[in-house]
Amino acid sequence: MISPNRLLIWLAGIFLRIRVHPCASVVLLLGALLAGCGKPESRVAVGLKTQELHLGNGTEPQDLDPQIVTGVSEHNIMSSLIEGLMNEDPKTLSPVPGVAERWDVSADGTAYTFHLRANARWSDGVPVTAQDFVRSYQRALMPALANEYAYMLYAMKGAEEFNKGKLTDFAQVGVHARDGGTLEIQLTHPVPYFLSLLNHYSWWPVNIAAVERHGGFATRGNRWTRPENYVGNGPFVLESWRIGHAIVVRRNTNYWDAANVRLQRIHFYGIESADTEERAFRAGQLHVTYNPVPPAKMSVYRERNPQFLRVDPYLGTYFYRFNVRKPPLDNPLVRRALALAIDRAALCETVLRGGQLPARCFTPADTAGYTARANLTGNAEDARRLLAQAGFAEGKNFPKVEILFNTSEAHRAIAEAIQQMWRKELGIEVTLVNQEWKVYLDTEKKGDYFVSRAGWIGDYADPSTFLETFTADSGNNRTGWSDKKYDALLAAAAREPDTTKRNELFQEAEAILMTAVPIMPIYFYTRPYLRQPMVRGWEPTLLDHHPWKHVWLESP
């Protein structure tokens, strides 16, 4: 940096040598100096020039293998890297052509024939074929892989039997490659939302050559998902993965629709702290945030910077799992007492403040026309009575219980509020356990918890995406609870073509779930977040999906 005295001497020398007005020279020189010595441009400003989107993405992803992961953060990244048979309309999320450019459906709705694009390519330039989908579905259903979303493929003929080891010849499963460009899928029964179901990542293809090259066909933790090994077929390719910092994807020139992809790169930042993320947004480091806006900041943005604040609808439920294998949570009276003792309205109004709604059932209201009649009815007085019936009057002799949650200020605030409510209303003490995302998932999967924070976002707009989570076969159940009648009702609903009759089956199933209370619904989500007005093509969708090839940056 030039000192003030030397700067004056230098300016004087310049004035003696130039023939323009001295005042104009001062303005020009000082402008140049200010430009040279000013703050560097923010990521947001640079990104606008280079078409590079910077956004928060919650947690560090568990993996980037669509047949391994179960989270929203993972979906956000993988949807840039992999494309399934179908795509989503950017406004309605209705299914539109993806790798399949067209399809035929049999008269009875149980057979689909997909015709693949001749110009669909993997990121290494190799054509995407029907056999790639067959082999991908075989891998997804391999018992050894322990895919927690394997049940999503059970509508396919023979899929459930193969996944459970009752069928060993995959050729008998209802998926076949007629030729390189034609894929046939046979279903056990008509599925009205099947094309939407195909947009879930459990149905996306993986590059089997890359999978086998870096760890084995049915091996978890396969290194094919590292940047140097990743082969996808989506609009972007994996450029870098710096753990604890960011995952960067860049435009895939081999993508069949590359000409219509405007963004050059997307930077996904694993920022678990909502406060940290909000500060990064305010400093011009992020175009979009992921975490809910900190409650203390909601009113500030509403009053001073409403152009940045978004509160979008979101098809999801925030809830706690009860591990019914561990006493005293093996007693439904205890579980119901805990569920009735919390003040959901107070949590939404004073802790969250983002328009969330209290939840006393699991499926959000008006999900594809379905609204549950079964609700958790009762109050704190009822909760105390139930706890006394269970043998813990006024909380006496209640065993040590922990609430497990993954790192987040919001999760902690909710857990602390519920801890206080249970202390006040029931006289019981619980401790809080905070774990990083990957550790938390592993702890929950092993069943090494008492009460666990959870959230479920619909995979598609249908009650089944919520209620099937707690069938005995669901890898996402994790409560230890199961009920044969509940499973039978959902199996019947899957086969019922009449919407009214189907919804009645869902009503019966949800009533069983809310009677057994293996979970404690807390609130229905909204999506309060921050977004720069320069982000275009980002629509308020019910599942918070934003097909990346339709997003770009442009000055408002």
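Predicted model, so just to flag it, every value in this text is computed and none were measured. (Residues numbered from 1 in each chain as written. Predicted model: local features only at pLDDT ≥ 70, side-chain atom pairs only at ≥ 80, totals over all residues. Heavy atoms only, no water.)

Undergrad: What exactly am I supposed to notice about the sheet that holds strand β5 (residues 111–116) here?
TA: What links the strands of a sheet is backbone hydrogen bonding, and the strands pair in either a parallel or an antiparallel sense. Spatially, β4-β5-β7-β6 is the arrangement adopted by the four strands of the open sheet, whose pairing is antiparallel. The sheet is open, and its two borders are formed by β4 (100–105) and β6 (175–179), each paired with just one other strand. Sheet twist, expressed as the mean angle between neighbouring strand axes with direction ignored, is 25°. As paired elements, β6 and strand β7 (residues 182–186) share four bridges and run antiparallel to each other. Note that in β7 the partner of D179 across the bridge is T182. The sheet contacts of helix α5 (residues 130–141) involve β5, β6 and β7, and relative to β6 the element is tilted by about 165°. (Pairing = 2+ DSSP bridges. Helix = DSSP H or I, 4+ residues; strand = E, 2+ residues; numbered from the N terminus. Axes fitted to C-alpha atoms, helices over the stretch in contact; angles between N-to-C directions. Contact = heavy atoms within 4.5 Å.)

Undergrad: What is the right way to read the pattern of salt bridges from this model?
TA: Any two side chains of opposite charge can pair, on the condition that their charged atoms come close. Within the structure shown, the criterion is met by 28 salt bridges. As a salt-bridge pair, E212 and R135 come within 2.8 Å of each other at their nearest N and O atoms. Taken together, the residues E212 in helix α8 (residues 208–213) and R135 in helix α5 connect sequence positions 77 residues apart. Among the residues examined, E212 registers a relative accessible area of 43% and is labelled partly exposed. (Salt bridge = Lys/Arg side-chain N within 4 Å of Asp/Glu carboxyl O. Buried < 20%, exposed > 50% of the residue type's maximum accessible area, 1.4 Å probe, protein only.)

Undergrad: Can you help me understand the nonpolar core in this one?
TA: General note: in soluble globular proteins, nonpolar side chains tend to be found buried as a group. Ranked by size, the top nonpolar core spans 157 residues in total, and within it L85, F114, I185 and W422 carry the most contacts. Of all hydrophobic cores here, the second largest spans seven residues; its members include M298, F308, L309 and L530. (Core = buried A, V, L, I, M, F, W, Y, C linked by side-chain atoms within 4.5 Å.)

Undergrad: Sorry, what's going on with the sheet that holds strand β12 (residues 357–358) here?
TA: Ordered by their spatial adjacency, six strands build an open sheet running β12-β16-β11-β15-β13-β14, and the pairing between neighbours is mixed. Edge strands, defined here as strands with exactly one partner in the open sheet, are β12 and β14 (430–435). The strands that helix α14 (residues 409–426) touches are β11 (309–322), β13 (401–406), β14, β15 (451–457) and β16 (519–530); relative to β14, the one it contacts most, it runs at about 170°.

Undergrad: Looking at this structure, I do not really get helix α9 (residues 274–282). What am I missing?
TA: Given 3.6 residues per turn, any residue in an α-helix points the same way as the ones three and four places further on. Of the residues making up α9, those classed as buried are A274, E277, E278, A280 and F281. All buried residues of α9 fall inside an arc of 160° around its axis, so they share one side. On its buried face, α9 is in contact with β1 (52–56), α10 (295–304), α14 and β16. Looking one or two residues past α9, G284 carries a phi angle of roughly 80°, positive in sign. (Arc of directions from axis to C-beta.)

Undergrad: Sorry if this is basic, but what is going on with the side chain of R335 here?
TA: Within the element layout of this structure, R335 appears in helix α11 (residues 332–340). Buried charge without a partner: R335 forms no salt bridge, and the closest opposite charge is D330, 6.3 Å away. Discounting residues that sit within four places of it in the chain, R335 has contacts with F322, V324, L329, D330, A516, V517 and P518. (Lys, Arg positive; Asp, Glu negative; His and termini not counted.)

Undergrad: Just to check I follow, could you spell out the packing of aromatic side chains for this structure?
TA: For any two aromatic rings, the description comes down to two numbers: the centre-to-centre distance and the angle of the planes. For the structure shown, the criterion picks out 29 aromatic pairs. Where F392 meets F398, the ring centres are 5.2 Å apart and the plane angle is 75°; that geometry is what we call edge-to-face. Assessed through its relative accessible area of 14%, F392 is described here as buried. Ring centres of W481 and Y486 lie 5.3 Å apart, and the angle between their planes is 70°; on these two criteria the pair is classed as edge-to-face. (Phe/Tyr/Trp six-rings, centres within 6.5 Å; stacked < 30°, edge-to-face > 60°.)

Undergrad: Quick question: what am I supposed to make of the packing of helix α12 (residues 344–352) against α14 here?
TA: Two packed helices can be described by the angle between their axes and the distance between those axes. In contact at an axis separation of 11 Å, α12 and α14 are set at 135° when each is read in the N-to-C sense. Compared by their axis directions, α12 and α14 come out oblique. For the crossing formed where α12 meets α14, the hand is right-handed. Contacts between α12 and α14 involve A346, L347, V351 and L352 from the former and A413, I414, A417, I418 and M421 from the latter. (Parallel < 35°, antiparallel > 145°, perpendicular 65-115°, else oblique. Left-handed = near helix turned anticlockwise from the far one by under 90°.)

Undergrad: Could you clarify how one ought to interpret the environment of L153 in this entry?
TA: You can see L153 is positioned in the loop between α5 and α6 (159–163). For L153, a relative accessible area of 0% translates into the label buried. On a C-alpha basis, the gap between L153 and W203 in space is 7.4 Å, while along the polypeptide they are 50 residues apart. Contacts of L153, omitting those with residues within four sequence positions, involve Y137, A140, L141, A159, S202 and W203.

Keep in mind these values describe shape, not function.
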